[in-house]
Amino acid sequence: MVEKTSKAMKAYLARAQKYNAFMAEKREEFATGKRHLANMMGVDHNTLTQKDIDEAIEYLFPSGLFVPAARPLMRPPEEVFPPKKDAEFDDFGRPFHTLFYTGKPNYYQLLHDMTEYLQKLNRYEDTMISKNVQPDPNIKIELTGSAWITKEKIETQLVESISDKMYANLIELLDRVAQHPYSYTIKDEILKYRIPFMSTSLSSFANSGVVQHDDQGREFVRFDNDVLRRKTARGSVTVYKNGTGKIKINGQDLLYFERMQSREQILFPLQFTGLLNKVDIEATVHGGGTSTQAGVIRLGISLALRHFVDENMTEKMRIAGLLTRDVRRKERKKFGQMKARRKYTWKKR
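Since we're looking at a predicted model, the values are computed, not measured. (Residues numbered from 1 in each chain as written. Predicted model: local features only at pLDDT ≥ 70, side-chain atom pairs only at ≥ 80, totals over all residues. Heavy atoms only, no water.)

Colleague: Would you take a moment to explain the packing of aromatic side chains for this structure?
Modeller: Between two aromatic rings, the relevant description is the distance of the centres plus the angle of the planes. A full pass over the atoms with the stated rule returns six aromatic pairs. Of the aromatic side chains, those joined through ring pairs into one cluster are Tyr124, Tyr182 and Tyr184. Directly above the ring of Trp148 sits Arg194, whose terminal nitrogen or CZ lies 4.5 Å from the centroid. (Phe/Tyr/Trp six-rings, centres within 6.5 Å; stacked < 30°, edge-to-face > 60°. Lys NZ or Arg CZ within 6 Å of the ring centre and 35° of its normal.)

What follows is the structure, given as structure tokens:
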């Protein structure tokens, strides 16, 4: 008896064979490029890691493009090309997944799994209440310093595209599960959908700056040039607790900056935290322009004030962008153009 294969399965098999051949070709190209790159750098290609590849590409092909995604890269094809779904139905056209006809089976399966977790947590809580047992606050899941996974990464994991509303519904459900008093029992399932903040935010400065005491016993925090930088400007900032609002910048007061906008930049973190006229500030800055120098001092003040406020205020400062270093730089002039973006005036004659 000859088994018949459905037209849908034949079409899928043709697409799968084409995709597999394409990925095999790209893997071979990546392996060849890796060997050539190792020869140029004078190392063994067998010991060349992805980090070594990224550093070599940055060294051999320096780029001043502002958007990192536009810079040259060399990654395994699995990271560059989106994955394809496996077969979703058998030879007779019957779907494998019970939620196939929803159009987004993986998405709705994730919602279903999270809802089941929430119901299990509720039943477990009812059992603990009947036994007069309270949840242990010391083993609560710590979500500070991380955020929910982005919509793009969710789509990559699910191999499905979802709308903004669907993403919002998923995040709302994940929030409900994470805020449950017994959510620590499924900690691994929740943290799969959390990612740490960018390295330029609060996490990169977690170990920078230490509270010290001067000769008078006053607490102060100091940040130096290795942390405080903006374009070509560098500086150091010292913030003294229990002060009277004195501000010294390169030996002068706030009038060191002639522009009102630069002065407002420096005063903003003090006003935001409610510590205006309650701390003293000493700063030295060099290089760059007035705007970049003001940005350096504002970052130093914000990072120092983080040691004098509670965690709730620290989180508000992070959301307001006070704890994030501005990594933007001036874009270089392009060949054949007047400036970075400006073109030469075209004349017909």
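Colleague: Is there a simple way to explain the nonpolar core in this structure?
Modeller: The biggest cluster of nonpolar side chains holds 31 residues, and the ones touching the most others in it are Leu228, Val237, Val239, Ile249, Ile297, Ile301 and Leu305. Take this core: its biggest share by element is eight residues, from helix α9 (residues 290–305). The next biggest cluster of nonpolar side chains, apart from the first, holds 25 residues, and it includes Trp148, Ile149, Ile154 and Leu158. (Core = buried A, V, L, I, M, F, W, Y, C linked by side-chain atoms within 4.5 Å. Buried < 20%, exposed > 50% of the residue type's maximum accessible area, 1.4 Å probe, protein only. Helix = DSSP H or I, 4+ residues; strand = E, 2+ residues; numbered from the N terminus.)

Colleague: What should I look at first to understand the confidence of the model for the protein in this one?
Modeller: A low pLDDT means the predicted coordinates there should not be read in detail. Confidence in the prediction for the protein averages 84 pLDDT; 89% of positions are at 70 or higher. This stretch, residues 198–207, has a pLDDT under 50; its non-local contacts, to residues over four places away or in other chains, come to 20 contacts. (pLDDT = per-residue confidence, 0-100. Contact = heavy atoms within 4.5 Å.)

Colleague: Help me understand the packing of helix α4 (residues 105–130) against helix α6 (residues 164–178) in this model?
Modeller: The packing of two helices is summarised by the inter-axis angle and the distance between the axes. Packing of α4 against α6 leaves a shortest axis separation of 10 Å and a crossing angle of 20°. Judged by the angle between their axes, α4 and α6 are roughly parallel. You can see that α4 and α6 cross each other, and the crossing is left-handed. Where α4 approaches α6, its residues Tyr107, Tyr108, Leu110, Leu111, Met114, Thr115, Leu118 and Leu121 are matched on the opposing element by Met166, Tyr167, Asn169, Leu170, Leu173, Leu174, Arg176 and Val177. For the contact of α4 with α6, the class distribution of residues is 13 nonpolar, two polar and one charged. (Axes fitted to C-alpha atoms, helices over the stretch in contact; angles between N-to-C directions. Parallel < 35°, antiparallel > 145°, perpendicular 65-115°, else oblique. Left-handed = near helix turned anticlockwise from the far one by under 90°. Nonpolar A, V, L, I, M, F, W, Y, C, P; charged D, E, K, R; others polar.)

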